[in-house]
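# Geometric and topological summary
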Amino acid sequence: MSTSSNFRSVSPTALRDALLGPAEIAVIDVREQGLFARKSLLWGISIPYFRLELEIARLVPRLDTPIVLVDADGQTLQAAAERLQRLAYTDIALLEGGVDGWEAAGLEVFQDENVPGKAFGEWIEEKAQTPHIDVRELRRRIASGEDVVIVDGRTPAEFKNFSLPGAFNVPNIELPYRIRELAPKPDTLVVVNCAGRTRSIVGAQTLIDAGIPNPVVALEDGTMAWLLNGLQLEHGRVTELPEPGAVHLTQARAAAADLLQRAGVSYVDDAGLARLSADTRRSLYLLDVRTEEEYVDGHLPGWWWVPGGQLVQGPDKHIGTRGARVVLADWDGVRAPAAAAWLAQFGVYDVHLYRTGTPADLQLGPAPRLLRLDPAVGPTPWIAPASAHGRQRDGAVIIDIDNSLQYRKQHPEGAWFIAPHRLRELSASKFPGKSILLTSRDGVLAGRVAAAHRTGELDVRAIQGGTEAWKRAGLPLGNGDQQRLTGEDDTRYGAYVYAEEAVRHQRFREYLAWEHGLTAQLKRSGGEAHYRQIERPAPVFEAAPAATR
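All values reported here derive from a predicted model rather than from experimental measurement.

Each value, and the rule that gives it
- Residues numbered from 1 in each chain as written.
- Predicted model: local features only at pLDDT ≥ 70, side-chain atom pairs only at ≥ 80, totals over all residues.
- Heavy atoms only, no water.
- Helix = DSSP H or I, 4+ residues; strand = E, 2+ residues; numbered from the N terminus.
- Rg over C-alpha atoms; globule rule 2.2 N^0.38 Å.
- Buried < 20%, exposed > 50% of the residue type's maximum accessible area, 1.4 Å probe, protein only.
- Arc of directions from axis to C-beta.
- Contact = heavy atoms within 4.5 Å.
- UniProt positions renumbered as here; feature names shortened; annotations may be inferred.
- Pairing = 2+ DSSP bridges.
- Axes fitted to C-alpha atoms, helices over the stretch in contact; angles between N-to-C directions.
- Core = buried A, V, L, I, M, F, W, Y, C linked by side-chain atoms within 4.5 Å.

Assigned secondary structure in the protein consists of 23 helices and 23 strands. Taken over C-alpha atoms, the radius of gyration comes to 24 Å for the protein, in line with the 24 Å a tight globule of 549 residues would show. Over its C-alpha atoms, taken along the principal directions, the protein stretches across nearly 70 × 55 × 50 Å. With 549 residues in all, the protein has 57% of them scored as buried.

So, in structure tokens, the structure goes:
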């Protein structure tokens, strides 16, 4: 390693070697999320520069965690390192040449988001030979009157947006806990689907690993394949999660105990948890994997809510430190074991379970918002929504800086969209001499960005409470993205967001080809080196003869 300014620089090969080892490390990519999704490191996590204050405390809680900062070419890392240093982080290095330097060194770069989880899903399908069924065969079986239950392993919000006809929404880690209520007969075929591939594969394999007697399959290529076959999805549906009965819960707990033994994960008691919490040399993540409603109704103090299926789909979105300790909890002894078994198979976390019993000391409500504020940034120059509306009529410009896909759906009428990393440049060229009023969903991001941009040459304020407060005040709203100035830089644009069918279908094909290619990328990158196989029950699904399909 060499020294650059006040911070160490690390070469691509040195970082590659560190990522192949067992030690804790957080690789933070400070570009906007849309730029990150175009080209990134396998174990990089996305925390854009202007969101560091909002997200770093949750994702990287230990202040002496070894951190390597990444950008496109290494040119913007000094400012990010200085900000982290002001936020009290002490072990900061800069990747020489950024992602471009990594690629120039012959190392593998990845596209899209949730790449560790998606690559792992493809690896699992190959190693475990997870059974799958294509859309035509599924439709044939349904038409012939076979006993089939379709479960969608995505989140309730995703399911409500679109779903397969007749499907039930059971997020993946809820499946072993609840599936026996939906498919009590052992010969019922259980089909797990998602929007693409990963959660179909992981959901199906979760049920197989849990030893349910039913034949279980993943729907090959999910709802993308459904649409590519010219079929229609349903919209706006909500299905209730079934509560497991006493007999089924006993069966599920027994299966979970067997799974934990095969995965090599064990419980810690109160004393063990206290020892883990007291070890300041290691990062510790305490995660509650139940439903959001259950968490809000009462959770252990200091524990974060992470839906278990999403934790497996995208561990990098919730655990910022690779190599960290992770303790999971639930109240039922089924869901946390399922999530823990998957995390253990990634091979890069020290995974434990906490046996809660019936806790007496619970907190109510959602998880708190953790901010770690930069002392070099002054106070936020707030403006109330009604005053902002008046200033807009007098010529001030409202700029949304949060998420361009949400901006497309709803924003203060007349607002523009600019991703934060280009705010100073574009506001100066597009709106010279104008007062700038920033908004974000709840105003928090807008407030921090406004404070950071408050200089003599730029008159910037933030709308207090953001677009949510603007809406509550009954002020006029608009939609569409005709006034979006920064393309797709700020967030990932998935295939489903494109309105034109031909474009959307082409994006589906490109995405599915990318997912199918992830196992080859893993092999080239060495990224599968830590993955662990566990002993698994043999699948019981029998594919139909080719002549009948």
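This part takes up helix α19 (residues 423–430). When we look at burial in α19, the residues that qualify are L423, L426 and S427. Seen along its axis, α19 keeps its buried residues to an arc of 100°; they face one direction. Contact partners of the buried residues in α19: β18 (397–400), β21 (436–439) and α20 (444–453).

Right, let's get into the UniProt feature "domain: Rhodanese" (unreviewed entry) in the protein. Those places that UniProt annotates as "domain: Rhodanese" (unreviewed entry) correspond, in this numbering, to residues 21–111, 144–235, 280–370 and 392–479. Helix and strand shares over residues 144–235 are 36% and 17% respectively, and the end C-alpha atoms of the span are 25 Å apart.

To summarise the sheet geometry, strands pair through backbone hydrogen bonds and adopt either a parallel or an antiparallel arrangement. Sheet architecture is open: five strands sit in the order β17-β22-β21-β18-β20, paired in parallel fashion. Edge positions in the sheet fall to β17 (382–383) and β20 (416–417), since each of these pairs with one other strand and no more. Docked against the sheet, α20 engages β17, β21 and β22 (460–463), running at close to 170° with respect to β22.

With that settled, consider the sheet that holds strand β8 (residues 148–152). Spatial ordering of the open sheet is given by β7-β11-β10-β8-β9, a layout of five strands whose pairing is parallel. Of all the strands in the sheet, the pair left with one neighbour each is β7 (132–133) and β9 (168–169). Here β8 runs beside β9; their pairing, made up of two bridges, is parallel. Residue pairing in the sheet places V151 in a bridge with F168 of β9. Those strands touched by helix α7 (residues 135–143) are β7, β8, β10 (189–193) and β11 (216–219), and its axis lies near 135° from that of β8. Running at roughly 175° to β11, helix α10 (residues 198–209) makes contact with β10 and β11 of the sheet.

What follows is about the nonpolar core. One finds L15, I319, L328, L343 and Y349 to be the most contacted residues of the largest nonpolar core, which totals 82 residues. The dominant element in this core, judged by the number of residues it contributes, is helix α16 (residues 335–346), at nine residues. Excluding residues that lie within four positions of it along the chain, Y349 makes contacts with W43, P315, I319, T321, R322, G323, A324, V326 and L343. Counting residues in each nonpolar core, the second largest holds 20 residues, with I28, L52, V60 and I67 among its members.

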